[in-house]
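Here is how the chains run, residue by residue.
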Amino acid sequence: ALSDSKKFEGSSDLVHLRYHMGPVLSSPINIYIIWYGNWAPTHQLLIKDFILSISAKNPHSPSVAQWWSTVSLYTDQTGANISRSVVIAGEYSDRRYSNGVTLTRLSIQQVIANAVRSKPFPVDHKNGIYLVLTSTDVAVQDFCRAVCGFHYFTFPSMVGYTLPYAWVGNSGKQCPEVCAYPFALPEYMAGGGPGKLRPPNGDVGIDGMISVIGHELAELSSNPLVNAWYAGEDPTAPTEIGDLCEGLYGTGGGGGYIGQVMKDSGGRTYNMKGRRGRKYLVQWIWNPLMQACSGPNALD
């Protein structure tokens with residue numbers, strides 16, 4: 001029984017994750033990154049290394065590629081699985097803050113439109129997803145208060161095309177205790193519990209952001225047009241494959257405990273490795289076969 005297994009957490013007969021007949025990203029996935037605001041090259045490298053680790057060959061175990069293998073279990077109505085081929089097909093740096101330092105959900109689509117019209121990369125209807133990443137000095141509607149990232153699709157009236165996209169913000173200076181947990185803790189948790197953890201790459205904002213990027217890429221791939229895989233009856237507020245495992249990073253997780261994870265010689269916490277041995281702490285994903293959350297660092 002799942003409840004007797006140490007490999008899988010959060011199993012429940014009460015979770016009604018259903019397929020709603022829409023597409024998943026079964027073709028090779030081309031990610032187009034829009035760096036909005038002021039970005040340090042070292043921070044960009046960390047994020048890109050995580051994304052490129054999804055398709056890494058002969059990965060270090062437990063790996064990002066093994067984590068994505070759970071995402072790839074999801075299929076469309078033809079039986080085609082989400083692709084394991086994920087590449088960075090293009091990048092665009094919006095250093096001039098084309099839409100200012102305060103963005104709404106709608107103006108994020110305008111950021112994508114600006115990037116597409118400047119032609120640094122093509123409009124990729126079939127294989128493309130557009131990832132908007134905002135720097136620490138950019139405020140976004142609902143950021144910190146309700147969301148750390150989200151995904152949707154662009155409106156033809158805004159961009160000219162329907163394109164799946166995701167946004168994730170760098171919370172390092174705005175709300176690390178909300179969006180970079182467990183590397184930063186809310187005030188009400190001060191002095192209680194295990195305390196905050198050391199980020200694997202030494203940057204609270206970027207390391208926290210990478211887990212949110214993983215969360216959003218998993219959900220975008222399994223529910224790109226908000227009509228594929230989700231729980232609940234309201235497609236405008238779906239509970240998706242990342243939401244079901246929020247806060248779970250290892251065996252035994254739940255109830256505010258992230259689960260058993262690893263520490264390196266410097267005391268930095270991680271649960272998976274990238275293509276060059278770089279370490280990351282990324283939340284687990286709902287496994288459709290096990291009907292539970294699972295990850296590559298699960299203990300036997």
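Residues numbered from 1 in each chain as written. Predicted model: local features only at pLDDT ≥ 70, side-chain atom pairs only at ≥ 80, totals over all residues. Heavy atoms only, no water.

As recorded in an unreviewed UniProt entry, the chain goes by the name Phosphate-induced protein 1, listed as coming from Genlisea aurea. If you open the UniProt record of the chain and go to Subcellular location (unreviewed entry), you find "Secreted, Extracellular space, Apoplast". (UniProt positions renumbered as here; feature names shortened; annotations may be inferred.)

Novice: Could you give an account of unusual backbone geometry, naming the residues involved and the relevant values?
Specialist: Looking along the chain, the bond that leaves Ser 61 and enters Pro 62 is cis, with omega of -10°. Along the polypeptide, Pro 62 turns up in the loop between helix 1 (41-53) and helix 2 (64-71). Each neighbour pair has its own omega, and for Tyr 181 with Pro 182 the value is 10°, a cis peptide bond. Position of Pro 182 relative to the elements: it lies in the loop between helix 5 (176-179) and helix 6 (204-222). A positive phi angle, close to 80°, is found at Met 21, a residue other than glycine. Considering the arrangement of structural elements, one finds Met 21 in the loop between strand 1 (17-19) and strand 2 (29-36). (Helix = DSSP H or I, 4+ residues; strand = E, 2+ residues; numbered from the N terminus.)

Novice: So, helix 2: which residues are in play, and what are the values?
Specialist: Within helix 2, seven of the eight residues are buried, which leaves it mostly tucked inside the rest of the structure. If you check which residues of helix 2 are buried, you get Val 64, Ala 65, Trp 67, Trp 68, Ser 69, Thr 70 and Val 71. (Buried < 20%, exposed > 50% of the residue type's maximum accessible area, 1.4 Å probe, protein only.)

Novice: Can you tell me about the nonpolar core, naming the residues and giving the values?
Specialist: Core analysis: the biggest nonpolar cluster contains 76 residues, and Ile 31, Ile 47, Phe 50, Ile 51, Trp 68, Leu 133 and Ile 213 have the highest contact counts within it. At eight residues, helix 6 tops the list of elements feeding residues into this core. The contacts of Ile 47, once residues within four sequence positions are left out, are Trp 35, Trp 39, Leu 133, Ile 206, Met 209, Ile 210 and Ile 213. The next biggest cluster of nonpolar side chains, apart from the first, holds five residues, and it includes Phe 183, Leu 197, Ile 258 and Leu 281. (Core = buried A, V, L, I, M, F, W, Y, C linked by side-chain atoms within 4.5 Å. Contact = heavy atoms within 4.5 Å.)

Novice: Pulling in residues and values, what's your account of the layout of surface pockets?
Specialist: Its boundaries defined by the atoms lining it, the largest pocket holds a volume of some 1,000 Å³. Considering the residues around the largest pocket, the lining is formed by 48 residues, among which Val 147, Cys 148, Gly 149, Glu 216 and Asp 243 are closest to the centre. Sorting the residues of the lining of the largest pocket by element identifies helix 3 (105-117), strand 7 (149-153), helix 5 and helix 6 as the ones contributing at least two each. The leading source of residues in the lining of the largest pocket is helix 6, at seven residues. In terms of residue class, the lining of the largest pocket is built from 26 nonpolar, 13 polar and nine charged. (1 Å grid on protein atoms, 1.4 Å probe; cavity = no way out; pocket = protein on both sides within 12 Å on 5 of 7 lines; lining within 4 Å. Points joined across faces, edges and corners; volume = space filled by probe spheres on them. Nonpolar A, V, L, I, M, F, W, Y, C, P; charged D, E, K, R; others polar.)

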